[in-house]
Amino acid sequence: LQAKGRPAAALYWLSRGGSPRVKEVADRALSQYVSASGEGSLEALEPILHYAEQASGADGMAEGSGARVVRLIRCYSQLRAAVERVTALPQTRTLQQEESLQQSMAEASGLITSLLHPAAATPRRFWRELVAYAVPLMERGASFSSSDVLLLMQALQDLKVSDNIETDDATETVREEGMRLALARGLSVAFQREALLSLKSRG
């Protein structure tokens, strides 16, 4: 696997080894690999899921980096599948297709916010990718709560602070500003929707 350019999958496989020492070292190395700073995509880690699902009892693994990474990649794989279902639907839809769209957007938005929740411990290097998935869903009408949008905005702000450098890439700067504006609009929509629901509940 290492020779095939799949170091994370190789580390995952070693973390399931019989030797406690090998498992401990591989588990720690896998955690460091996934959390390493620098550019990267969760999609690049999806081969781990293939090997995890081949292994017997993968869902019942002992708690550790290997188990956490598998859960992370599984959630991401489900997110990608939901987003693909959303984008595959035509602009003019039947009632059944509209219901499918709403279900897929709800699933995708829920997965994004769960992956960005502090309890998920998703490595910071993947936050921007998750926010980038959220923005077009939000613009298509996905129902993010105000707390969800604030979580997305906080993730983007934390990334800006942690980067601590001004990028010279004009395209990336425009992209970041576009995401911030989209999130601001999404927050306004969420506040209005929640206020309306509150008024209806009182009536």
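Attention in this report is confined to the structure presented alongside it.

**With respect to the nonpolar core**
As a rule of thumb, soluble globular proteins bury nonpolar side chains together. By size, the foremost hydrophobic cluster in this structure holds 37 residues, and its most contacted members are Leu-79, Ile-112, Val-131, Leu-137 and Leu-152. Listed by contribution, the elements that provide at least two residues to this core are helix 4 (65-88), helix 5 (95-116), helix 6 (127-139), helix 7 (146-163) and helix 8 (170-202). The residues touching Leu-152, leaving out its near neighbours within four places in the chain, are Ile-112, Leu-116, Val-131, Ala-134, Met-138, Phe-144 and Leu-183.

**Quick look at helix 6**
Across its 13 residues, helix 6 extends 19 Å between first and last C-alpha, which sits within 8% of the 18 Å expected from 1.5 Å per residue. Across the 13 residues that make up helix 6, a large majority, 10, are buried. Along helix 6, the residues classified as buried are Trp-127, Arg-128, Glu-129, Leu-130, Val-131, Tyr-133, Ala-134, Val-135, Leu-137 and Met-138. Backbone geometry just downstream of helix 6 places Gly-141 in the positive-phi region, at approximately 105°.

**A few points about the environment of Gly-186**
By secondary structure assignment, the location of Gly-186 is in helix 8. For Gly-186, a relative accessible area of 10% gives the class buried. Along the backbone, Gly-186 and Glu-139 are 47 residues apart, and their C-alpha atoms lie at a distance of 7.6 Å. Excluding residues within four positions of it along the chain, Gly-186 makes contact with Met-138 and Val-149.

**Some thoughts on helix 5**
The end-to-end C-alpha distance of helix 5 is 32 Å, a good match for the 32 Å that 22 residues give at a rise of 1.5 Å each. Regarding helix 5, the residues found buried are Leu-101, Ser-104, Met-105, Ala-108, Ser-109, Leu-111, Ile-112, Thr-113, Leu-115 and Leu-116.

**Considering the packing of aromatic side chains**
The description of two aromatic rings rests on the distance between their centres and on the angle between their planes. What the rule picks out here adds up to one aromatic pair. For the pair Tyr-76 and Tyr-133, a centre-to-centre distance of 6.2 Å together with 65° between the ring planes defines the contact as edge-to-face. Taken together, the residues Tyr-76 in helix 4 and Tyr-133 in helix 6 connect sequence positions 57 residues apart.

**Some points on the packing of helix 6 against helix 8**
Close contact between helix 6 and helix 8 brings their axes to 10 Å; oriented N to C, the two are set at 50°. With respect to their mutual orientation, helix 6 and helix 8 come out oblique. Taken as a pair, helix 6 and helix 8 cross one another with a handedness that is left-handed. Here Arg-128, Val-131, Ala-132, Val-135, Met-138 and Glu-139 of helix 6 come into contact with helix 8, specifically with Glu-172, Arg-175, Glu-176, Met-179, Ala-182, Leu-183, Arg-185 and Gly-186. For the contact of helix 6 with helix 8, the class distribution of residues is seven nonpolar, one polar and six charged.

**Some words on the side chain of Ser-104**
Within the element layout of this structure, Ser-104 appears in helix 5. For Ser-104, the residues in contact, after removing those within four places along its chain, are Ala-82, Arg-85 and Val-86.

**Regarding the pattern of salt bridges**
In this structure the tally under the stated criterion is six salt bridges. With its nearest N and O atoms 2.5 Å apart, the salt bridge here joins Arg-85 to Glu-107. Within this pair, whereas Arg-85 is found in helix 4, its partner Glu-107 is found in helix 5, the two being separated by 22 residues in sequence. Overall, the relative accessible area of 37% leaves Arg-85 in the partly exposed class. Between Arg-93 and Glu-98 there is a salt bridge, and its shortest N-O distance comes to 2.7 Å. A residue is classified by how much of its surface remains accessible, and Glu-98, at 28% relative accessible area, is partly exposed. Residues joined by salt bridges that share partners form a network here, namely Arg-128, Glu-176, Glu-177 and Arg-180.

Each value, and the rule that gives it
- Residues numbered from 1 in each chain as written.
- Predicted model: local features only at pLDDT ≥ 70, side-chain atom pairs only at ≥ 80, totals over all residues.
- Heavy atoms only, no water.
- Core = buried A, V, L, I, M, F, W, Y, C linked by side-chain atoms within 4.5 Å.
- Buried < 20%, exposed > 50% of the residue type's maximum accessible area, 1.4 Å probe, protein only.
- Helix = DSSP H or I, 4+ residues; strand = E, 2+ residues; numbered from the N terminus.
- Contact = heavy atoms within 4.5 Å.
- Expected span 1.5 Å × (residues − 1).
- Phe/Tyr/Trp six-rings, centres within 6.5 Å; stacked < 30°, edge-to-face > 60°.
- Axes fitted to C-alpha atoms, helices over the stretch in contact; angles between N-to-C directions.
- Parallel < 35°, antiparallel > 145°, perpendicular 65-115°, else oblique.
- Left-handed = near helix turned anticlockwise from the far one by under 90°.
- Nonpolar A, V, L, I, M, F, W, Y, C, P; charged D, E, K, R; others polar.
- Salt bridge = Lys/Arg side-chain N within 4 Å of Asp/Glu carboxyl O.

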